[in-house]
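Remarks on the overall topology
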Amino acid sequence: MTSTVTPGTAGTAHTRIEGPAKVTGNAVYAYEQDTVAPLHLCGVGATIARGRVRAVDTAAAAAVPGVVAVLTADTAPRLDDGASTEQAVLQTRAVHHRGQYVAAVLAETAEAAREAAGAVVVTYDAEDAVTAFDPDSSQAYTPEVVVAFPPDTRTGDPETAFAQAPVRIDATYRTPIEYHHPMEPHSTVARWDGRHLTLFEASQSVWDARRQVAALFGIGDDVTVVSPHVGGGFGTKGALHAGSVLAVLAARAVPGRSVKLSLTRREMTDTTGYRPATVQRVRLGAGTDGRLHALAHDVVEGGARMAEYGEPTAVMSRHLYAAPHRATSHRVVPLDLSTPTYMRAPGEAPGSFGAESAVDELAVALGIDPVELRIRNEPDVDPDTGRPFSSRNLVACLRRGADRFGWADRDPRPRTRLVDGWWHGTGVAAAFFPTFAMPGSAAAIRYSADGTPGAGAPGRYRVDIAASDIGQGARTVLTQIAAEALGVPPAQVDLNLGDTGLPHATMAGGSAGTASWATAIVEAADRFRDKWGTDPEDGAEADGVAGHNPAMAEYAMGAHGAHFVEVAVHADTGEIRVPRMLGVFAAGRILNPLTARSQFLGGMVWGLSMALHEEGVVDPARGHVVNHDLAGYHVAANADVGDIDAEWVDEHDPLVNPVGAKGIGEIGIVGVAAAVANAAHHATGVRVRSLPITLEHFLAV
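These remarks concern the structure in this document.

Criteria and cut-off values
Residues numbered from 1 in each chain as written. Predicted model: local features only at pLDDT ≥ 70, side-chain atom pairs only at ≥ 80, totals over all residues. Heavy atoms only, no water. Helix = DSSP H or I, 4+ residues; strand = E, 2+ residues; numbered from the N terminus. Rg over C-alpha atoms; globule rule 2.2 N^0.38 Å. Contact = heavy atoms within 4.5 Å. Areas by Shrake-Rupley, 256 points an atom, 1.4 Å probe, with all protein chains shown as cover. Expected span 1.5 Å × (residues − 1). Buried < 20%, exposed > 50% of the residue type's maximum accessible area, 1.4 Å probe, protein only. Arc of directions from axis to C-beta. Core = buried A, V, L, I, M, F, W, Y, C linked by side-chain atoms within 4.5 Å. Polar contact = N/O pair within 3.5 Å; in protein donor to acceptor, adjacent residues only side chain to side chain. Salt bridge = Lys/Arg side-chain N within 4 Å of Asp/Glu carboxyl O. 1 Å grid on protein atoms, 1.4 Å probe; cavity = no way out; pocket = protein on both sides within 12 Å on 5 of 7 lines; lining within 4 Å. Points joined across faces, edges and corners; volume = space filled by probe spheres on them. Pairing = 2+ DSSP bridges. Axes fitted to C-alpha atoms, helices over the stretch in contact; angles between N-to-C directions.

Once that is clear, we can look at the overall build of the protein. Within the protein one finds 14 helices and 24 strands. By the compact-globule yardstick of 27 Å for 701 residues, the protein fits well, its C-alpha radius of gyration being 26 Å. Principal-axis analysis of the C-alpha atoms places the extent of the protein at approximately 75 × 75 × 50 Å. In the protein, once contacts between residues fewer than 6 apart in sequence are set aside, the share between residues at least 24 apart is 81%. Split by element, the accessible area of the protein, about 26,100 Å² in all, is 51% carbon and sulfur.

Along its twelve residues, helix H10 (residues 394-405) runs 16 Å from first to last C-alpha, staying within 8% of the 16 Å computed at 1.5 Å per residue. Turning to H10, its buried residues are Leu-394, Val-395, Cys-397, Leu-398, Gly-401, Ala-402 and Phe-405. The buried residues of H10 occupy an angular sector of 160° when the element is viewed end-on, so they sit on one face. Those residues of H10 that are exposed and aimed more than 90 degrees away from the buried face are Arg-399 and Asp-403. Check the buried side of H10 and you find it contacts helix H9 (370-376), strand S17 (422-434), strand S22 (558-570) and strand S23 (576-586). One or two steps after H10, the chain reaches Gly-406, where phi turns positive at roughly 75°.

Glancing now at the nonpolar core. If you look at the biggest cluster of nonpolar residues, it comprises 84 residues, and the most contacted ones within it are Phe-600 and Val-676. When residues in this core are grouped by element, the largest group, nine residues, is from helix H13 (residues 593-612). Those residues within four positions of Phe-600 in sequence are excluded, and the remaining contacts are Phe-585, Ala-587, Ile-590, Ala-646, Trp-648, Ile-664, Ile-667 and Gly-668. Of all hydrophobic cores here, the second largest spans 79 residues; its members include Leu-199, Ile-470, Ala-483 and Trp-517.

The subject of this paragraph is the side chain of Asp-469. Note on placement: Asp-469 falls in the loop between strand S19 (460-464) and helix H11 (474-486). Residue classification places Asp-469 among the buried positions, given a relative accessible area of 1%. Of note is the side chain of Asp-469, whose polar atom sits 3.2 Å from the backbone nitrogen of Ala-474. Excluding its chain neighbours within four sequence positions, the residues that come into contact with Asp-469 are Glu-18, His-229, Val-230, Ala-474, Arg-475 and Leu-497.

Next up on the list: the pattern of salt bridges. A complete count under the given rule lists 41 salt bridges for this structure. A salt bridge links Arg-689 to Glu-361, with the nearest nitrogen and oxygen atoms 2.9 Å apart. A residue pair is termed long-range when its members are at least 10 positions apart, and Arg-689 in the segment after helix H14 (672-684) and Glu-361 in helix H8 (residues 348-366) qualify at 328 residues. Via salt bridges that share partners, Arg-400, Arg-404, Arg-597, Asp-645 and Glu-647 belong to a single interconnected network.

Moving on: the layout of surface pockets. Its volume calculated, the second largest pocket comes out at about 580 Å³. Looking at the second largest pocket, it is lined by 29 residues, and the ones nearest its centre are Cys-42, Gly-43, Val-44, Gly-45 and Glu-267. The set of elements that each furnish at least two residues to the lining of the second largest pocket consists of strand S1 (39-45), helix H3 (110-119), strand S6 (121-126), strand S12 (259-262) and helix H7 (265-271). Considering each element in turn, the lining of the second largest pocket owes the most residues, six residues, to S1.

As a further point, take the sheet that holds strand S8 (residues 167-175). If you trace the five strands from one edge of the open sheet to the other, you get S7-S15-S14-S13-S8, paired in mixed fashion. This sheet does not close on itself; its edge strands, each paired only once, are strand S7 (153-155) and S8. Within the sheet, the average angular offset between the axes of one strand and its neighbour, ignoring direction, is 10°. Bridge analysis of S8 against strand S13 (residues 278-286) gives nine bridges, and the strand direction is antiparallel. Across the sheet, Thr-175 pairs through a bridge with Thr-278, a residue of S13.

Spatially, the five strands line up as an open sheet ordered S16-S17-S22-S23-S24, and their pairing is mixed. Single-partner strands in this sheet number two, and they are strand S16 (418-419) and strand S24 (643-648). Here S23 pairs with S24 via six bridges, running parallel. Bridge assignment links Phe-585 to a residue of S24, and that residue is Trp-648. Here H10 sits on the sheet in contact with S17, S22, S23 and S24, set at roughly 30° to S22.

Function cannot be inferred from these measures alone, as they are strictly geometric.
The following block contains the structure:
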């Protein structure tokens with residue numbers, strides 16, 4: 001089928017379809033769902049990091065006017081035995097981390113629930129806890145996997161090659177705990193009607209939420225999950241956390257009534273995951289020509305004693321540069337904290353700070369331009385698998401970015417440009433994020449005539465797929481893709497998503513959502529056009545399913561990019577500013593230039609925030625997250641962002657999926673922190689190897 005090119009379809013700019021609803025307040029999020037006389041839920045968090053609940057005194061809480069029930073581990077409904085430790089809410093008296101729910105209150109008003117929760121008295125038998133991350137801990141172990149990747153890899157003899165290399169870098173880099181903090185907090189509305197559960201959930205995957213809650217409560221298909229709008233996820237809303245399970249438990253205790261829960265920022269830091277702290281040793285051995293002989297990236301990172309999660313911190317180093325001798329490893333230190341989880345570019349974001357900082361250190365040691373050094377180590381095939389690339393344009397990104405940024409005018413010597421009391425410098429870093437798609441998404445298309453006969457009649461095409469719009473613009477881009485595949489204007493397409501009453505869709509995660517869902521939509525559209533042509537009858541319909549892409553087993557697939565940053569550091573105070581940022585990306589076909597640019601810029605701003613501000617602080621004595629709100633956990637604000645721009649190189653890659661798109665949601669953050677640190681070194685001569693970069697790093701200069 002040859003699609004008609006129509007303005008507004010895939011590949012052209014289109015404003016967000018849901019934009020007017022959002023700016024007018026008419027977009028309904030999970031907590032805002034219309035329910036009749038709902039009950040409000042407030043959890044009670046543990047005040048110890050490890051131990052057991054000895055007793056819970058609920059008398060004062062139960063006496064608060066409006067309280068309907070107080071739940072404890074002794075009174076809460078039971079889950080099936082398959083519950084994970086994190087999801088096994090109020091099932092035992094064991095305490096695995098501070099903030100874990102040990103009781104909960106249901107009341108007629110949110111105020112009454114909060115008051116009663118404060119009146120619950122819990123006594124504990126505390127046990128010794130380890131909450132401070134120690135990379136030298138004897139408890140460190142090799143995880144089974146780091147997300148979906150093997151924890152360790154090895155090619156050749158990196159130790160010998162490193163020892164014999166004429167130029168060597170052996171440095172250690174550190175990143176702290178970081179929290180997601182999406183604009184919309186985790187929110188749930190749950191209601192049981194007999195055996196059937198209806199769940200309004202802020203979720204990155206309604207079908208995954210359905211599957212998890214059905215297994216937890218042993219109810220098979222008697223679950224409906226609805227999530228029409230989600231105010232950001234970034235990984236933390238990819239799975240059900242304790243609060244969501246608590247809401248469903250509480251609703252089961254009061255069948256026939258809706259239960260509402262919206263977490264506070266403090267609860268989110270305690271119970272919904274985070275990016276773990278890492279310590280990364282990077283060793284690079286090179287010849288005097290800059291060619292890498294050896295590359296080793298060894299990581300020790302924080303984890304949770306209660307459940308394993310391994311951050312794939314060193315995985316990017318397996319793919320970015322050519323080196324005959326290579327090794328990567330991951331070790332996890334179990335802590336008495338809540339479990340880490342996926343956070344935007346899990347692995348690549350922290351790992352790129354270590355890897356790309358080390359490459360800059362090597363460039364300085366060699367006296368080779370950092371852009372040129374990266375180009376010299378461009379591989380012919382994927383260094384990890386030996387597979388050819390479906391497409392790879394990192395060099396094009398580096399060259400275009402260098403040209404636009406004015407890189408050729410750069411004096412390579414550090415600490416040479418002082419302007420009005422500020423040391424100025426520039427830095428660069430490469431970016432990579434793997435490209436893949438998750439099979440199994442399905443889409444259905446149905447045509448409704450509007451009474452106008454004849455070919456090309458302006459009827460409506462309804463496209464159903466249970467995808468999740470978490471703010472990335474899925475409604476808009478999927479509408480464009482459907483319109484292109486059907487050969488009609490986007491105005492004739494009505495897209496429905498975010499409901500398990502629609503065909504199955506995989507998660508919005510891994511920068512794979514659009515590719516996965518688009519494959520199903522294109523398949524359904526092709527079937528529709530093959531069956532009905534361009535003049536379908538009223539009620540005409542077809543469906544499609546996204547299968548496995550065999551090319552993924554034959555080719556290495558990934559999006560690439562290059563970040564260029566200018567940093568200014570005040571000569572007297574050490575204050576650091578970033579007046580200029582440029583990102584250039586190669587990410588397959590850009591389906592909507594307007595929303596794509598926003599995605600790239602959003603990732604870059606988050607990378608700037610990671611570089612300068614973000615740091616979760618845990619009290620080592622009690623496991624308490626000290627900066628548990630946005631007053632204490634600093635993120636980038638408008639004043640932090642100067643001149644920022646993003647562009648892309650054209651990339652045609654029909655192997656990745658039917659629309660030729662690579663994920664863009666995460667690559668924008670990858671490498672930014674390293675580019676900032678590299679620019680800071682160029683400005684001041686100070687090499688910062690730990691995040692965030694603050695004025696204390698420069699005061700001794």
